[in-house]
Amino acid sequence: MTHRTFRRTRRMLATTIGAGILISGVAAASPAAAAPPAVSCTSAKAGLAAKLQKDITAALAGRKGTVAVGVYDRTTNTTCGLRASTAFDSASVVKVTVLGALMWDAQKTKRGLTARERTLATAMITKSDNASTTALWNQLGLTKIKGFLAAAKMTQTKPGANGYWGLTQITVTDEQKLLRLLTAKNAVLLDSSRAYVNRLMGQVVAGQRWGTPYGKPANVTLQVKNGWLSRATNGWRVHSVGHFKGGGHDYHITVLTHGNSTMNYGIATIQGVAKVVHRDLAAS
């Protein structure tokens, strides 16, 4: 690849990476193909696991592409998973990890964020600004980012090479680990660090609040980060990660997708899953 081609490819990626989470549908298998993986749920609440498994499966029926799903509710000790270890290009969902790494690194020297860092972090999360993300990614460097991933036990996450943070490989398993870290006391992130990340995720601009918040009850608060990216292979990657609290529940949802024909198709797939999760938990 020539230097000119490399620069052109990098510019194309920078302009197409957005916020998102992936949730693709279950495609009909050909007669010779193996059966697609099934949604699996467990719960301490009688009947809830079966209900969620049935409804998530129905929401994905007929949807094209590849979808991975993770659900965890602390209140009822409920978990659901589909393709939890399948890797996807992160798009802008990785921006939450970047902010987590920044907070973790600042903690180690017992310092607060600088005014510049706060400006960059706010733009990165609330508006999904790519230039701000690149600045923080480069400031941290791969050593610190990998250090945070190791501390968070996000062993399936592989940072993108050559500055391509949007091509970081993520899984539902690791995104759910990150959401757990952000929403409960732990030894990795201080309460003040978690509160800062959650505050920004709760201030995402209205136009980027699609995805996992869809169908949430009015009395439930939300933190969300989405991502979207189109590439020549696997079409549109569309992702959404969110944390929700209220109505007697404390839960997070991760949906990762690729193979979508359009961004809107991926959003519709994610929102079909989110709608039934919110409904079933609210009714439990």
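Residues numbered from 1 in each chain as written. Predicted model: local features only at pLDDT ≥ 70, side-chain atom pairs only at ≥ 80, totals over all residues. Heavy atoms only, no water.

Asker: Break down the overall build of the chain for me, citing the residues and quoting the values.
Answerer: Looking only at helices and strands, one finds eight helices and nine strands in the chain. For the chain, the proportion of its 284 residues judged to be buried stands at 51%. Counting contacts in the chain only where the partners sit at least 6 residues apart, residues at least 24 apart contribute 71% of the total. Taken as a whole, the chain presents about 12100 Å² of accessible surface, with 57% of it coming from carbon and sulfur. (Helix = DSSP H or I, 4+ residues; strand = E, 2+ residues; numbered from the N terminus. Buried < 20%, exposed > 50% of the residue type's maximum accessible area, 1.4 Å probe, protein only. Contact = heavy atoms within 4.5 Å. Areas by Shrake-Rupley, 256 points an atom, 1.4 Å probe, with all protein chains shown as cover.)

Asker: Give a description of the confidence of the model for the chain that names residues and reports values.
Answerer: Mean pLDDT over the chain: 91, with 88% of residues reaching 70 or higher. For the stretch residues 1–16, pLDDT sits under 50, and the model shows 15 contacts to residues farther than four places along the chain or on other chains. Within the model, pLDDT remains below 50 along residues 18–31, and this stretch shows 86 contacts once partners closer than five positions in the same chain are excluded. (pLDDT = per-residue confidence, 0-100.)

Asker: Please give an account of unusual backbone geometry that cites residues and values.
Answerer: A positive phi angle is found at A91, which is not glycine, with a value near 50 degrees. Positionally, A91 belongs in the loop between strand 5 (88–89) and helix 3 (94–108). A positive phi angle is found at S128, which is not glycine, with a value near 60 degrees. Relative to the helices and strands, S128 resides in the loop between helix 4 (115–126) and helix 5 (130–151).

Asker: Please give an account of the pattern of salt bridges that cites residues and values.
Answerer: Within the structure shown, the criterion is met by ten salt bridges. Between D89 and R231 there is a salt bridge whose closest N-O contact spans 3.0 Å. Of the two residues, D89 is situated in strand 5 and R231 in the loop between strand 7 (221–230) and strand 8 (236–246); the sequence distance between them amounts to 142 residues. Judged by relative accessible area, R231 falls into the partly exposed class, the value being 31%. In this structure, the salt-bridge partner of K144 is D105, at a minimum N-O distance of 3.4 Å. With K144 in helix 5 and D105 in helix 3, this pair connects stretches of sequence that are 39 residues apart. Residues joined in a network through salt bridges with shared partners are K51, D55, R279 and D280. (Salt bridge = Lys/Arg side-chain N within 4 Å of Asp/Glu carboxyl O.)

Asker: Explain the state of the cysteines to me, using residue names and the numbers behind them.
Answerer: All chains considered together, the criterion is met by one disulfide. A disulfide bridge connects C41 with C80, and the sulfur atoms are separated by 2.1 Å. Given an S-S torsion of about 115 degrees, the disulfide between C41 and C80 has right-handed geometry. Here C41 is found in strand 2 (residues 40–42), whereas its partner C80 is found in strand 4 (residues 78–82), with 39 residues between them in sequence. The two residues C41 and C80 agree in class, both being buried. (Disulfide = S-S within 2.5 Å.)

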